[in-house]
Amino acid sequence: MAEVTVQQLAEVVGVPVERLLSQMQEAGLEHGRATDVVSEKERMTLLQHLKRSHGGDEESEDDSAPRKITLKRKTTSQLKVSNSSGKKKTVNIEVRKKRTYVKREEAEQQAQQEQQTAEQERQQRQKAVEDSKRAEQEAKRQAEEDAARQKQEELARQQREKEEQAKRIAEAQAAESGEGDKKRKAVKEKAGKGKERDEEDRANARKGVKTAGRGRTGGDDEDFDDGRRKGGTRRGGSSRMKKPKPSRNQHAFEKPTAPVVREVTLGETITVAELADKMSVKAAEVIKVMFKMGAMATINQVLDQDTATLVVEEMGHKVKILNENALEDALLDEQASFQGQEETRAPVVTVMGHVDHGKTSLLDYIRRTRVAAGESGGITQHIGAYHVNTDRGMVTFLDTPGHAAFTAMRARGAKVTDIVILVVAADDGVMPQTEEAIQHAKAAGVPLVVAINKIDKEAADPDKVTSELASRGVIPTSWGGDTEFVHVSAKSGQGIDDLLETVLLVAEIMELKATPSAPGRGTVVESRLDKGRGTVATVLVQQGTLRKGDIVLAGMYYGRVRAMLDEAGQSINEAGPSIPVEILGLDGAPDAGDEFTVVSSEKKAREVALFRQGKFRDVKLARQQAAKLDNLFENMGSDKQANLNVVIKTDVRGSLEALMGALTDLSNEEVKVNIVSGGVGGISESDVNLALASNAVVFGFNVRADGGAKTIVEREGLDMRYYSVIYDIIDDVKKAITGMLSPEFREQIVGIAEVRDVFRSPKFGQVAGCMVVEGTVYRSKKIRVLRDNVVIFEGELESLRRFKDNVNEVRQGLECGIGVKNYNDVRVGDQIEVFDVITVERTL
């Protein structure tokens, strides 16, 4: 391909000839026709010009490497607002976003400069903090020295005052009589004797001899004790005052003078008895307060956190929310503390789109298998996870159902994915579930890649699909947007390689990273109960590596991984990031969407699992009780609402959630669909007994009843139905609800007679001579009398005659005589309207 024409080069590149000619002229090449020959040197000149125009660096030694990539995004939405007159108008809101990705070397240099600047600022802040600390310590030391100096001066002043006072007392004593001198002499002699006795006691104590308390009580020592109690002690110190002891019949507690405010710690749930104990009051007081607040409770009733907070504040105490997630927080801290080298991981791609737009067929061609053949009715009703090794790298696919009942499953798929492939049929266009998929992807902030499928059909119109998607904010890159559009055919394989290449290019721009050496962590995609193997959970590893034998905590369940299987059913020993696997060994079926993580010890996993189970059970019980209390007085005086009780058992958890959501949405004001029980696995005797006790219908979706359950169903005549397609369940429930709805009554006008004359009859009173102008007048049906098109009377006919004969009906165009029962004010020109009340069955 040394020399080619402009037209041939345009076909190879995939751009129009006119656009290529304009680009060549911008590059300084003199080519003006499609037949002009382009040499190899001219092609290189054009290529360098295009790279520079897309952010390349002219001075770089490697011109083939662009310095930056700029992505632009424009979204358009509509907002309905009301003006001052109350009319609504639609306002178009356009949001434009621009994002530039710089080459790694420049980004690293800039990050290094920012890091150096941040380090300098940190050092300056640290120096300022140290200076302030030294100044504070110096001020504190100076204050302590001043306080010590003032204390010494105060002590010296007090000492001088004591010396002066002692001097005055000595002078006063010297002026006393000689009798006072004798008394003082006697006191000194007794004090000396007491001192000798004390020395003797201490000597005897050293020798091990127990004294009898000489010099303390009784005998000749009473005078000394009296003197000691009055004036001094044995050792010549100041006198001591003993505190009076309380009497034996008097308690030492005092009644508080102000209300005691306590700080009550509350978790997610608490019983009435525990709440009363924390507030140091009787449980009856708490029940009384709740009754005044409009809620009836018992001593063992479980209260949720909001209700308990209101009760505590109503009783004048303070609330402190207790962090009951300490175990989970410690588990998260243990995972966050792990450090390892990050590596590039494969992208996780979710395939979304409307029903029968070819999502699973597209994956069939990629995987070279037939997944659609295994689904009932040819539709996908489970989330499938597969990883595919292509020539350009590994890609993990999530195939989500497209039916409207699986909205929650599609939303869950968008949250665990990196890229969304939106499949749109070229002959069908944008459908309701297509718009929902776009909303889920935008809400999760996940980039879109649009695959316009079925382009090989005669009715295919890719331009129409592109226009419809552009009107909903999905703008292709060829129109200046940020979404890649690829034309594919899942039947012939056209464009599949381009689609994979586009997906891997978007993933490369996103720079997806993971740490393979860390403990495994990810999301539960699906779970089910297998009769021979137990709980089987499909999980997607997002971080670290999951190995056989690891202890896994998934939602409210835990267990050791006994076996790991890939999507082909082959046993494997470990799975790295972005790898979906099936694991065996959990003690229960976790919900689809729960996070799983590898735990270091089985004890820790069991503690967290039991805590989550108890928390879920208590919160559910408290919410149910709150709902009962809230609805206790709402239904009083209102018509009784009919209930359709349902027990559902499915093969996997995702189908159970979808069915429960779809059936609950069918409820209305008159009929409520009540899901009595829902679970995963076969229909057992306990399920049938529960349905029998609650008068419920049993639905089995891709599951069957065991022998004991079948016996009870046949004996009791219970309604149990098997289904393999979700549409059939929804249709049957709709029919059942329709039959439970109260019928509507409508009036149907069957005839109109116009009053032409009025006669008096001795038997019937006033008789109207009429002409039937529309329909047929019946004697047995109700009538209305209209005057100037206004109803003035409603009743029934007393007589209907044709000439002299009594008749039951008179048809249009004939004259008749009509006697209105209990009404004598019929005038000429009035109209007598005959109507019938019919019953109309209501539908959803």
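In what follows, the structure referred to is the one given above.
Residues numbered from 1 in each chain as written. Predicted model: local features only at pLDDT ≥ 70, side-chain atom pairs only at ≥ 80, totals over all residues. Heavy atoms only, no water.

### Brief notes about unusual backbone geometry
- The phi dihedral of Glu-511 falls on the positive side, at around 55°, and the residue is not glycine.
- Tracing the chain through its elements places Glu-511 in the loop between α15 (496–510) and β16 (513–514).
- Overall, Glu-511 belongs to the partly exposed group, its relative accessible area being 46%.
- Phi at Asn-822 takes a positive value of approximately 60°, unusual for a residue other than glycine.
- Counting through the fold element by element, Asn-822 comes out in the loop between β36 (815–820) and β37 (831–840).
- The exposure class of Asn-822 is exposed, given its relative accessible area of 70%. (Helix = DSSP H or I, 4+ residues; strand = E, 2+ residues; numbered from the N terminus. Buried < 20%, exposed > 50% of the residue type's maximum accessible area, 1.4 Å probe, protein only.)

### Describing the nonpolar core
- If you look at the biggest cluster of nonpolar residues, it comprises 25 residues, and the most contacted ones within it are Val-349, Leu-362, Phe-397, Ile-419, Ile-421, Val-488 and Leu-499.
- Every element with two or more residues in this core is listed here: β10 (348–353), α11 (359–367), β11 (384–390), β12 (393–399), β13 (419–425), β14 (448–453) and α15.
- Looking at this core, the element that brings in the most residues is α15, giving 7 residues.
- Not counting residues up to four positions away in its chain, the partners in contact with Ile-419 are Pro-347, Val-348, Val-349, Thr-350, Val-446, Pro-447, Val-449, Val-503, Val-506, Ala-507 and Met-510.
- Within the second largest apolar cluster, 21 residues are counted, among which are Leu-659, Ala-662, Val-673 and Phe-701. (Core = buried A, V, L, I, M, F, W, Y, C linked by side-chain atoms within 4.5 Å. Contact = heavy atoms within 4.5 Å.)

### So, the sheet that holds β10
- Taken in spatial order, the 6 strands of this open sheet run β11-β12-β10-β13-β14-β15, and their pairing is mixed. The strands lining the two open edges of the sheet, one partner per strand, are β11 and β15 (484–487). The average angle at which neighbouring strand axes cross in this sheet is 25°, direction not considered.
- Where α11 meets the sheet, its contacts fall on β10, β11, β12 and β13, and the angle it forms with β12 comes to roughly 150°. (Pairing = 2+ DSSP bridges. Axes fitted to C-alpha atoms, helices over the stretch in contact; angles between N-to-C directions.)

### Let's talk about the packing of helix α18 (residues 685–694) against helix α19 (residues 707–716)
- Contact pair α18 / α19: the axes reach a minimum separation of 8 Å and the direction vectors enclose 25°. Judged by the angle between their axes, α18 and α19 are roughly parallel. Here α18 runs over α19; the crossing is right-handed. Residue-level inspection shows Glu-685, Val-688, Asn-689 and Leu-692 of α18 in contact with α19, the latter providing Gly-708, Ala-709, Ile-712, Val-713 and Glu-716. (Parallel < 35°, antiparallel > 145°, perpendicular 65-115°, else oblique. Left-handed = near helix turned anticlockwise from the far one by under 90°.)

### Examining the sheet that holds strand β27 (residues 671–680)
- As summarised here, the arrangement of the 4 strands in space is β27-β26-β28-β29, forming an open sheet in which the pairing is parallel. Of all strands in the sheet, those with a lone pairing partner are β27 and β29 (720–723), marking the two edges. Within this sheet the neighbouring strands show an average axis-to-axis angle of 25°, counted without direction.
- Where strand β26 (residues 642–650) lies against strand β28 (residues 697–701), 5 bridges are found, and the strand directions are parallel. Paired with Ile-648 across the bridge in β28 is Phe-699.

### Quick notes on α19
- Among the residues of α19, those classed as buried are Ala-709, Ile-712 and Val-713. Down the axis of α19, the buried set is contained in an arc of 100°. They therefore lie on one face. In α19, the exposed positions that point more than 90 degrees away from the buried face belong to Glu-714 and Arg-715.
- As for α19, its buried residues are in contact with α18 and β29. (Arc of directions from axis to C-beta.)

### Here we look at the packing of helix α1 (residues 6–13) against helix α2 (residues 17–26)
- Two elements in contact, α1 and α2, have axes whose closest approach is 9 Å; the angle formed by their N-to-C orientations is 105°. Taken together, the axes of α1 and α2 are roughly perpendicular relative to one another. Residues Val-6, Gln-7, Leu-9 and Ala-10 of α1 pack against Val-17, Leu-20, Leu-21 and Met-24 of α2.
- Its residues placed into classes, the contact of α1 with α2 shows 7 nonpolar, 1 polar and no charged. (Nonpolar A, V, L, I, M, F, W, Y, C, P; charged D, E, K, R; others polar.)

### Let's talk about a nonpolar patch on the surface
- Residues Leu-79, Val-91, Ile-93 and Val-95 make up a contiguous nonpolar surface patch of about 270 Å² in total accessible area.
- Broken down by element, the residue count for the nonpolar patch peaks at 3 residues, all from strand β4 (residues 88–102).
- Summarising the element assignment, Leu-79 is placed in strand β3 (residues 68–82).
- Note on Leu-79: relative accessible area 42%, which makes it partly exposed. (Patch = residues over 30% accessible without salt bridge, like charges linked within 9 Å, V, L, I, M, F, W, Y side chains within 5 Å. Areas by Shrake-Rupley, 256 points an atom, 1.4 Å probe, with all protein chains shown as cover. Salt bridge = Lys/Arg side-chain N within 4 Å of Asp/Glu carboxyl O.)

### Comments concerning the pairing of β26
- Buried residues dominate β26, accounting for 7 of its 9 residues.
- Here β26 pairs with β27 via 9 bridges, running parallel. By the bridge assignment, Ala-642 is partnered in β27 with Val-671.
- Traced from β26 through helix α17 (residues 653–664) to β27, the parallel crossover comes out right-handed. (Right-handed = clockwise from strand over helix to strand, strands pointing away.)

### Quick word on the environment of Arg-472
- Mapping Arg-472 onto the fold places it in the loop between α14 (462–471) and β15.
- When the C-alpha positions of Arg-472 and Gln-78 are compared, they lie 9.7 Å apart, and in sequence the two are 394 residues distant.
- Setting aside residues no more than four positions away along its own chain, Arg-472 makes contact with Val-430, Glu-435 and Lys-442.

### Focus: the state of the cysteines
- All told, the structure shown has 0 disulfides when counted by the stated rule.
- Summary of cysteine pairing: Cys-816 is not part of a disulfide, and the nearest cysteine sulfur, belonging to Cys-770, is at 5.4 Å.
- Classification of Cys-816 as buried rests on a relative accessible area of 6%. (Disulfide = S-S within 2.5 Å.)

### As for the packing of aromatic side chains
- The final tally for this structure, using the stated rule, is 2 aromatic pairs.
- Here the aromatic rings of Phe-699 and Tyr-723 are separated by 5.5 Å at their centres, their planes lie at 90°, and the arrangement is edge-to-face. Of this pair, Phe-699 sits in strand β28 while Tyr-723 sits in strand β29, and the two are 24 residues apart along the sequence.
- By relative accessible area, Phe-699 is classed as buried at 6%.
- For Tyr-723, a relative accessible area of 7% corresponds to the buried category.
- Taking the centre distance of 4.6 Å and the plane angle of 20° together, the rings of Phe-793 and Tyr-823 count as stacked. Placement of the pair is Phe-793 in strand β33 (residues 790–802) and Tyr-823 in the loop between β36 and β37, with a sequence separation of 30 residues.
- The residue whose ring lies beneath Arg-704 is Tyr-722, and the NZ or CZ to ring-centre distance is 4.5 Å.
- The ring of Tyr-778 has Lys-781 sitting right over it, with the charged end atom 5.3 Å from the ring centre. (Phe/Tyr/Trp six-rings, centres within 6.5 Å; stacked < 30°, edge-to-face > 60°. Lys NZ or Arg CZ within 6 Å of the ring centre and 35° of its normal.)

### A short note on the pairing of β12
- With 5 of 7 residues buried, β12 lies mostly within the body of the structure.
- Pairing between β10 and β12: 4 bridges, direction parallel. The residue bridging Thr-350 from the neighbouring strand is Leu-398, located in β12.
- Sheet topology note: the β11/β12 ladder contains 7 bridges and is antiparallel. Among the inter-strand pairings, Asn-389 is bridged to a residue of β12, identified as Met-394.
- Linking β11 back to β12 in an antiparallel pair, the connection comprises 2 residues.

### Side note on the pattern of salt bridges
- The full count for this structure, using the stated rule, is 29 salt bridges.
- Among the ionic pairs, Glu-40 bridges to Arg-43, the shortest N-O distance being 1.9 Å. Taken together, the residues span about one helical turn, with Glu-40 and Arg-43 both in helix α3 (residues 40–53) at a distance of 3 residues.
- For Glu-809, the salt bridge identified is with Arg-811, shortest N-O distance 3.9 Å.
- Arg-811 gets classed as exposed once you look at its relative accessible area, which sits at 56%.

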